[in-house]
Every structure is written in structure tokens, then in C-alpha cells.
Amino acid sequence: MSHSQATDKMMVELRDLNKWYGEFHVLKNINLEVKQGEKIVICGPSGSGKSTMIRCINHLEEHQKGDIIVNGIPLNEDIKNIEAIRKEVGMVFQHFNLFPHLTVLENCVLAPIWVKKMPRKQAEAEAMELLERVKIPDQALKYPGQLSGGQQQRVAIARSLCMNPDVMLFDEPTSALDPEMIKEVLDVMIELATEGMTMLCVTHEMGFAKTVADRVIFMDGGQIVEENEPHEFFNNPQHERTQLFLSQILQH
Amino acid sequence: MSSDISNSGHKPDGSAKQKAPPVSQPKFWNDPKKRSLLFQVLLLSILGFVFYTIIDNTLTNLEQRGITTGFDFLSREAGFGIAMSLIDYTEASSYGMTFIVGLLNTILIAVLGIIAATILGFILGVARLSDNWLVAKFSALYIEVFRNIPLLLQIFFWYYAVLRTLPQPRQSIEFFGSFINNRGFIFPAPVPEAGFGWVTFGFFAAIVASWLIARWARKRQELTGQQFPVALTTIGLIIGVPLVLFLFSGMPLGLDHPELKGFNFKGGITVIPELIALWLALSIYTAAFIAETVRAGILAVSHGQTEAATALGMSKAKTLRLIVIPQALRVVIPPLTSQYLNLTKNSSLATAIGYPDLVNVFAGTTLNQTGQAIEVISMTMAVYLALSLMTSFFMNWYNARIQLSER
């Protein structure tokens with residue numbers, strides 16, 4: 001679309017990606033190229049492999065065949081490469097996964113201090129800046145258990161951003177939230193998108209997809225079935241399965 | 001509420017309900033509050049009757065047999081020897097002293113056992129969850145074997161099958177001036193000479209220095225982000241500084257070497273086989289239970305926590321140390337306390353192989369010689385109760401301290 005901020009630099013490349021859970025073939029010949037600044041929304045029925053695919057990108061899941069290249073670094077058995085990729089890739093989970101024994105601020109500064117070896121003062125200052133961006137600086141000294149779901153997810157986003165990633169992966173970030181909290185999280189994600197972050201979002205928030213996505217990807221049965229820019233995707237879906245899926249989620 | 005229930009039973013139609021009195025009193029045995037009061041009064045009177053009967057019966061029996069009660073016997077001469085004592089004790093010491101000797105021996109085995117079982121248990125618990133097949137299976141095998149064999153049998157195994165089958169003192173296994181035989185483990189006793197004070201000083205100075213370095217390292221990390229190998233430095237200082245001072249001050253430490261005189265060794269320090277057998281059995285047995293507790297604690301931390309830490313680029317070791325263990329400890333501490341209490345109480349099995357613990361010395365020999373069963377048994381029970389309560393108290397305090405950081 002016209003507002004796309006994508007550059008020519010390739011950020012994430014998946015080539016003939018295949019993955020099996022034992023006998024079960026979860027990902028079948030996935031090919032995907034994401035340029036710097038591009039925003040991709042991935043949707044599809046449950047069990048279609050969309051979460052598994054983005055979890056392969058930072059090696060939370062191991063793939064058996066094919067290549068993954070993140071910002072020029074090939075993801076292979078080399079632990080140095082895996083660590084390097086994880087430093088470039090931030091991830092937000094469905095269930096937030098904040099560390100309950102640490103305060104919001106400590107959650108944010110933990111990785112910068114222990115992984116990037118940043119001075120605590122600097123890490124805290126940067127974390128406070130990000131907490132302000134997600135609009136909860138006043139909760140910095142509370143524990144995750146004291147916050148609402150929406151606030152926790154915004155902390156989780158800030159925590160990932162503290163590592164200054166080049167790519168952000170969102171794994172159904174609003175699925176575990178009460179309806180009235182979804183908007184506050186989506187607002188933060190939209191702001192992040194307008195600032196030019198490369199994003200891969202697994203989500204069923206079609207409004208979000210229409211607003212920010214450069215491309216929408218529909219997956220089913222471990223394959224990418226359809227891939228298009230949002231306007232075409234929603235108004236003129238090509239495949240039968242896509243039409244069925246869209247009719248099911250958009251009928252309300 | 002109560003009026004509603006009582007009304008609806010008797011008067012199903014709405015018109016009758018209006019005429020009925022608004023609140024009808026239930027019969028007193030149908031009122032939960034009065035009923036619970038009745039049961040408590042009943043229970044209390046039964047307990048009172050039982051205790052009265054026991055005490056009255058005992059006093060009558062004692063009187064009939066002419067046994068005097070009281071704690072006077074504690075100051076009388078004991079007249080028997082004890083195989084191992086942490087304080088000066090001879091046959092001429094009092095029965096009161098046998099109590100102290102037994103108590104100290106019990107505390108010694110409990111403390112040694114708790115330390116060893118905790119270290120071993122934590123290693124085994126983490127090992128059982130290892131990705132390394134061999135390590136995990138070895139740990140599982142260890143736990144299943146030692147958890148499922150009765151403790152008394154394990155004590156017998158270490159004592160009769162391992163330690164008592166060692167050679168006689170004359171055929172002792174010798175290494176570095178120490179000896180192992182069926183009388184125990186005998187090693188040279190260090191005898192400090194003039195100038196050894198420097199080494200002691202160096203040791204404590206190293207502890208202080210390590211503490212200061214740890215503080216400095218934490219501050220520097222906060223300011224610059226640089227990390228410092230604090231643990232390694234601490235070990236180096238605490239071993240290195242006293243060693244250097246020891247060498248420079250001309251090695252002011254004599255050794256009292258054990259020597260074979262007649263049928264046994266004289267000099268040196270002897271660790272009796274009963275202590276070694278009991279310590280091995282208690283530590284190895286309890287470690288198996290602690291390992292399961294630790295495993296449960298680690299498994300109780302959701303997988304999402306590890307994933308989040310991994311996604312942030314943290315290594316496995318740092319994830320374990322900063323994320324998993326602090327959360328697992330909260331689950332681990334209460335059952336760990338139970339294991340400590342079990343170990344302390346199980347140490348009374350010492351009496352089966354003759355380790356001179358409180359039960360063996362005081363509730364055994366002293367009781368037999370004096371016949372003061374009530375006093376001796378109640379003192380012994382009071383000791384175990386006090387030790388257990390102290391352990392619980394400390395562990396609860398520690399637990400509360402780490403729980404507090406949740407919110």
C-alpha cells in the first residue's frame with residue numbers, strides 16, 4: 001500500500017522451510033521474504049502452523065529442512081548465530097510470560113543488563129522511556145501480578161523493545177485479553193508499526209491487519225495458501241479456504 | 001436465608017408465607033454455630049478425662065514401686081564411657097553431661113546430613129531434568145533406588161557391609177599419613193604453632209575482601225555493565241591468601257600423626273565408622289527425596305518463562321539462575337523443610353548401629369541405669385520438638401522473605 005515503509009533490505013527470509021513433530025508434518029515448504037520495515041499479518045485456523053512458523057524464526061522451535069536467514073545471519077546449529085539472531089528478534093507471547101518475581105522495571109532491564117552488559121542506570125533510563133511509550137511509566141515499580149492483562153502485554157512489548165530488536169514477532173498478542181483491553185495493546189502495536197518496525201504478527205484482529213499490514217498471509221495445513229495486500233485479501237480472496245475462513249471470522 | 005429455608009419446607013404456597021413469623025428459630029442442634037460449640041465442649045471433656053487418667057495412673061504406679069520423680073539424677077555420676085564426644089567427657093561425668101554429649105552428637109549428624117543432602121539433592125534434581133540422556137537416567141536411577149530402600153537397611157548396609165568389612169588397624173589402608181580401617185577414618189590432627197595466627201587472620205581478611213569485591217563488582221556492573229567473576233575470585237582469595245601467608249610464615253603448623261600402638265592408633269583425629277555410616281545413609285537417602293522436591297519446583301515454573309528468557313537472548317545457565325531457580329525455590333522450600341525435619345528425626349536410628357546420639361546415650365544407657373523413664377523420655381522428646389520447631393521457624397522465615405518479593 002501507499003503508506004508502506006518497506007526498504008529493499010531483506011530482514012527475514014524463509015526458504016523451503018519444513019518442520020515435523022515426529023510423523024506430523026507441521027510446516028510444508030514455507031517460502032517467505034520480509035523486507036526491513038514491512039508489516040506482515042499471518043492468519044489461519046488453529047493448528048495451521050502460523051505460531052510454529054514465527055517461533056522457528058528465533059529458534060524457539062527447531063526446523064528440520066530449509067533455510068532461515070535473519071538480517072543476513074543464517075540460522076544453523078551454530079550457537080553464536082542463534083544468539084546473534086535472538087538479539088535482533090524480539091517476541092511477544094499470547095500469555096505475556098512476564099517474570100512474576102521481578103518488578104515491571106526489572107523485567108525490562110534484565111536482558112539488557114545480563115545479555116547486552118549495559119550499565120543499570122542506562123538500562124533503567126531506556127526502559128523508562130519505553131514504558132512511557134507504552135503509556136505505563138507509573139507502574140514501573142509494581143509486580144506483573146498487580147497489573148491488568150492489557151497492561152501486562154504492554155510491559156511485555158516494552159521488555160522486548162529494550163533489547164532494541166530489528167524485527168518483532170507477535171504470537172497472538174491479544175488472544176488472551178478481555179475485549180476492552182485489546183485496543184490499548186493494538187494502539188501500541190500500531191504506533192510501533194508507524195515508526196517503521198519490521199513486524200510479523202500472528203493475529204485475528206482484522207481491523208489491525210487492514211490498518212497496518214503491507215501483506216496478509218493465510219495459512220492452512222502447514223502451508224501458505226494465500227498472500228496478498230490487505231485490501232485485495234479481504235475484498236477479493238482467491239482461494240476457497242481463504243473465503244471460508246474469512247466468512248467465518250468476519251460474519252459478526 | 002434461614003427463614004427462607006425453614007419456610008419453604010413447610011409452607012409451599014406464597015399466601016401462608018406472609019402470615020408466618022418472619023424468623024423462626026431452628027432447633028439448637030440444627031444451628032451450625034451451637035452444634036460446633038457442643039462438639040468442642042464434648043471433645044475437650046474427653047481429652048481432659050484421658051489426660052487425668054494417664055497422669056493419675058502414672059503417679060499411683062510410681063508411688064507403689066517407690067520410684068522418686070524429679071531431675072536430681074542429672075547431677076549423679078554416669079559411670080559409663082561414650083565412644084565419641086565433642087566436649088570433654090569421662091566416666092566420672094554426670095548424667096547431665098551424657099545429655100549434652102548426646103545432644104551435640106545429634107546436632108552434629110543432623111547438620112552434616114542436611115548440608116550434604118541439600119547439595120546432593122539439588123544437583124540430582126537438576127540433573128534429572130537434564131537434556132543429557134545419561135545424566136538424566138543416572139539421576140533417575142539413583143533416586144528410585146535410594147528412595148525405595150528402607151533407611152534402616154541402608155544404615156546397616158553402610159555400617160556392616162561397607163565399613164565393618166574394612167581391614168583391622170594393623171592392615172589399615174594408608175594414604176598421606178591417614179588411615180582407614182574398621183575402627184574408622186584416622187587422620188593427622190593439625191597443631192597450630194607460633195605464627196599460625198597470621199594464617200587465621202589471612203583467612204578472615206580474605207572473607208572480608210571477597211565481600212568488598214562482590215559489592216564493588218555489583219556497583220561496577222550497575223554503572224558500566226561489565227561483569228566480574230566474583231565466585232572464582234572469592235574461592236581464589238579464601239584459599240590463596242591463607243596459603244601464601246602460611247608458606248611465608250614458615251609453615252607454622254605441626255601435625256599430630258596417628259601411630260599404631262598395640263592394637264589401635266594413638267594420636268590424630270578419629271572419625272568413628274558409626275558416624276560415617278549414619279552420615280552416608282542419611283545424606284544419600286534424604287538427597288533422593290530432596291531431588292524430587294527440586295525437580296517438582298523446577299517443573300512448576302511454566303515453560304513460558306524459559307521461552308521468554310530464551311527469546312530475550314539469555315543463555316540456559318542465566319535463565320536457570322535468574323528466572324527458574326528464584327521461582328522454583330518458593331515451591332521447594334516448604335517440602336524441603338519437611339525433609340530437614342525427617343532427617344533430624346531419622347538420625348535417631350543411630351541407636352541401631354551404636355552411634356552415640358541422644359537416643360542411644362541418654363534415652364538408652366542413661367535411662368537403663370537410672371530408671372527415670374518419664375524424665376528421660378520427656379527431655380528427649382522435648383529436644384526433638386525444639387530442634388524441629390527451630391528448623392521450621394528458620395525455614396518459614398526464609399520462605400516468607402523470598403515469597404515477599406512476589407508483590
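The structure we're discussing is the one just above.
This structure is a prediction, so every number in the text was calculated from the model and none was measured.

What counts, and where the lines are drawn
Residues numbered from 1 in each chain as written. Chains lettered and ligands numbered in written order. Predicted model: local features only at pLDDT ≥ 70, side-chain atom pairs only at ≥ 80, totals over all residues. Heavy atoms only, no water. Helix = DSSP H or I, 4+ residues; strand = E, 2+ residues; numbered from the N terminus. Rg over C-alpha atoms; globule rule 2.2 N^0.38 Å. Buried < 20%, exposed > 50% of the residue type's maximum accessible area, 1.4 Å probe, protein only. Contact = heavy atoms within 4.5 Å. Areas by Shrake-Rupley, 256 points an atom, 1.4 Å probe, with all protein chains shown as cover. Phe/Tyr/Trp six-rings, centres within 6.5 Å; stacked < 30°, edge-to-face > 60°. Lys NZ or Arg CZ within 6 Å of the ring centre and 35° of its normal. Buried area = accessible area lost by both parts, 1.4 Å probe. Salt bridge = Lys/Arg side-chain N within 4 Å of Asp/Glu carboxyl O. Polar contact = N/O pair within 3.5 Å; in protein donor to acceptor, adjacent residues only side chain to side chain. Pairing = 2+ DSSP bridges. Axes fitted to C-alpha atoms, helices over the stretch in contact; angles between N-to-C directions.

## So, the overall build of chain A
Looking only at helices and strands, chain A has nine helices and 10 strands in total. Relative to a compact globule of 252 residues, whose C-alpha radius of gyration would be 18 Å, chain A shows 18 Å and is just as compact. For chain A, the C-alpha atoms occupy an extent of roughly 55 × 45 × 35 Å along the three principal directions. A burial count over chain A gives 57% of its 252 residues as buried. Long-range pairs, those at least 24 residues apart, make up 67% of the contacts in chain A with a sequence separation of at least 6. Accessible surface, chain A as shown: approximately 10800 Å² in total, 47% of it carbon and sulfur.

## Some details on the packing of aromatic side chains
Across all of its chains, the model carries 13 aromatic pairs over all chains by this definition. Summarising the aromatic geometry, the rings of Phe233 of chain A and Phe234 of chain A are spaced 5.2 Å apart at their centres and angled 90° between planes, so their arrangement reads as edge-to-face. For the pair Phe233 of chain A and Phe234 of chain A, one class covers both residues: buried. Consider the rings of Tyr159 of chain B and Tyr160 of chain B, whose centres lie 4.9 Å apart with planes at 70°: the pair is edge-to-face. In textbook terms, an aromatic cluster arises when at least three aromatic residues are bridged by ring pairs, as seen for Phe156, Tyr159 and Tyr160 of chain B. The aromatic ring of Phe99 of chain A is capped on one face by Arg159 of chain A, whose charged end is 4.5 Å from the ring centroid. The cationic tip of Lys210 of chain A hangs over the ring face of Phe234 of chain A; the distance from NZ or CZ to the ring centre is 5.0 Å.

## Comments concerning the interface of chain B and chain A
In this complex, chain B contributes 26 residues to the contact, which on the side of chain A involves 28 residues. Taken together, the two surfaces of chain B and chain A that pack against each other cover about 2600 Å², and 60% of this comes from carbon and sulfur. Viewed at the interface, chain A and chain B are joined by one salt bridge. Put simply, Arg55 of chain A and Glu307 of chain B hold a salt bridge, and the shortest N to O gap is 2.5 Å. Counting every contact that joins chain B to chain A gives six residue pairs in polar contact (both at pLDDT 80 or more).

## Let's talk about the sheet that holds strand β3 (residues 184–187) of chain B
Residues and elements named next belong to chain B. Spatially, the four strands line up as an open sheet ordered β1-β2-β3-β8, and their pairing is antiparallel. Edge positions in the sheet fall to β1 (173–175) and β8 (269–271), since each of these pairs with one other strand and no more. Neighbour-to-neighbour, the strand axes of this sheet turn through a mean angle of 15°, independent of strand direction. Bridging between β1 and strand β2 (residues 178–181) involves three bridges; their strand directions are antiparallel. Following the sheet pairing, Ile173 is matched in β2 by Ile180.

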